[in-house]
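The lines below spell out each chain.
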Amino acid sequence: MSPSLPLLNKRVLVPRGEGQAKSFSELVERYGGIPIEIPLIAFRPIEKNQRLQESLKVLDTYDWIIFTSSVTVETFFSFVDRVGAEFPRVAVIGKKTEKVLKERGIRVDFVPSVYVAEEFVEEFLPHVERGCRVLLPKGNLAREYIATGLRKAGAVVDELIIYENYMPEESREKLAKMLSERELDILTFTSPSTVDHLMDVVGEYGLADHLNGCIIACIGPVTEKRLLEYGLPIHAAPEEYTVDEMVKSVIGFFGKD
């Protein structure tokens, strides 16, 4: 293995859509790997409805708004034209989410030290007063952990579904073909949904044996838990939950050989 190109000729599953895959793929290429872009998850905004419109009309009544991903930010601002002086304070999970907001000129008031819901709630609670109003825009499959934790502390949390996630049909076919022909060396997972969607294809096409020999990497304890529920091994999982660190942890795995 070349020390400067530790992923030389390794075919790496990049489970993100066109808009998000570029930086991930460039990182794989930098280390000599071959990125195989197959979106295991895609996002589409919900149709505008009365609940959404009513919540957006009263943004100034919230003390905090919490963004848990860059997709949430981008979708939210597809519905919101401009941000006034009365926009709530902003809390986020993750460096990329913070960066996307700052690029829009929006101040971020709270970022947890670890980018998972459990740590977010624990560190955010000192900012929560009883009766504090929080808006939580989210996807249709998002966990309830943050809302539940903040409500226990006395906050009034309005969860607002603004997008839904799904697996593109073309991804199913491409993934089944590549797995059946054993053309993927490293599988990476960025959320529990990416695991579920891949395993749906594995089950539909009877490809469980074709996962043998694949190196499996993931971000975050919730994704790790989902992989273990399917009985899959985890070869690389970084302590910091970013794509950069996940790729480094894969390189570290190969360095053990």
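What you see is a predicted model; the values in this text were computed from it and never measured. (Residues numbered from 1 in each chain as written. Predicted model: local features only at pLDDT ≥ 70, side-chain atom pairs only at ≥ 80, totals over all residues. Heavy atoms only, no water.)

### Quick look at the packing of helix 5 (residues 117-124) against helix 6 (residues 145-152)
Thinking step 1. Running from N to C, helix 5 and helix 6 point in directions that differ by 25 degrees, and their axes come no closer than 9 Å. Considering the angle they form, helix 5 stands roughly parallel to helix 6. Note that helix 5 runs across helix 6; the crossing there is right-handed. For the pair helix 5 and helix 6, the contacting residues are Ala117, Glu118, Phe120, Val121 and Phe124 in the first and Tyr145, Ile146, Gly149 and Leu150 in the second.
Thinking step 2. Per-class residue counts for the contact of helix 5 with helix 6 are seven nonpolar, one polar and one charged. (Axes fitted to C-alpha atoms, helices over the stretch in contact; angles between N-to-C directions. Helix = DSSP H or I, 4+ residues; strand = E, 2+ residues; numbered from the N terminus. Parallel < 35°, antiparallel > 145°, perpendicular 65-115°, else oblique. Left-handed = near helix turned anticlockwise from the far one by under 90°. Contact = heavy atoms within 4.5 Å. Nonpolar A, V, L, I, M, F, W, Y, C, P; charged D, E, K, R; others polar.)

### Remarks on the side chain of Glu159
Thinking step 1. Looking at the element boundaries, Glu159 is found in strand 7 (residues 156-166).
Thinking step 2. One polar contact links Glu159 to Arg151, side chain to side chain, over a distance of 3.2 Å.
Thinking step 3. Not counting chain neighbours up to four residues away, the residues in contact with Glu159 comprise Arg51, Leu136, Lys138, Glu144, Ala147 and Arg151. (Polar contact = N/O pair within 3.5 Å; in protein donor to acceptor, adjacent residues only side chain to side chain.)

### Some remarks on the sheet that holds strand 8 (residues 186-189)
Thinking step 1. The strand order across the open sheet formed by four strands is 2-1-8-9, and the pairing between neighbours is parallel. Looking at the sheet topology across the chains shown, the edges are occupied by strand 2 (34-37) and strand 9 (215-218). In this sheet, adjacent strand axes meet at a mean angle of 25 degrees when their direction is disregarded.
Thinking step 2. Taken together, the four bridges between strand 8 and strand 9 define a ladder with parallel strand orientation. Note that in strand 9 the partner of Ile186 across the bridge is Ile215. (Pairing = 2+ DSSP bridges.)

### A few points about the state of the cysteines
Thinking step 1. Throughout the structure, instances matching the rule amount to zero disulfides.
Thinking step 2. With no disulfide of its own, Cys214 lies closest to Cys218 among cysteine sulfurs, the gap being 15 Å. (Disulfide = S-S within 2.5 Å.)

### Some words on the environment of Gly149
Thinking step 1. One can find Gly149 in helix 6.
Thinking step 2. Of the residues examined, Gly149 reaches a relative accessible area of 17% and is grouped as buried.
Thinking step 3. Taking C-alpha positions, Gly149 is 8.7 Å from Glu118, a pair spaced 31 residues apart along the chain.
Thinking step 4. Beyond its immediate sequence surroundings of up to four residues, Gly149 is in contact with Val121 and Leu125. (Buried < 20%, exposed > 50% of the residue type's maximum accessible area, 1.4 Å probe, protein only.)

### Overview of the confidence of the model for the chain
Thinking step 1. Mean pLDDT over the chain works out to 92, with 98% of the residues at or above the 70 mark.
Thinking step 2. Mean pLDDT across the elements of the chain ranges from a minimum in helix 1 (residues 18-30), with 88, to a maximum in strand 8, with 98. (pLDDT = per-residue confidence, 0-100.)

### Some thoughts on the packing of aromatic side chains
Thinking step 1. Across all of its chains, the model carries 11 aromatic pairs by this definition.
Thinking step 2. Seen from their ring centres, Trp64 and Phe124 are 4.9 Å apart, and the 85 degrees between their planes marks the pair as edge-to-face. Residue Trp64 is located in strand 4 (residues 64-67), and its partner Phe124 is located in helix 5; the two are separated by 60 residues in the primary sequence.
Thinking step 3. Accessibility expressed as a relative area gives 1% for Trp64, which makes it buried.
Thinking step 4. Joined through ring pairs, the aromatic side chains of Trp64, Phe110, Phe120 and Phe124 make up one cluster.
Thinking step 5. Positioned above the aromatic ring of Tyr166 is the side chain of Arg44, whose terminal nitrogen or guanidinium carbon lies 3.8 Å from the ring centre. (Phe/Tyr/Trp six-rings, centres within 6.5 Å; stacked < 30°, edge-to-face > 60°. Lys NZ or Arg CZ within 6 Å of the ring centre and 35° of its normal.)

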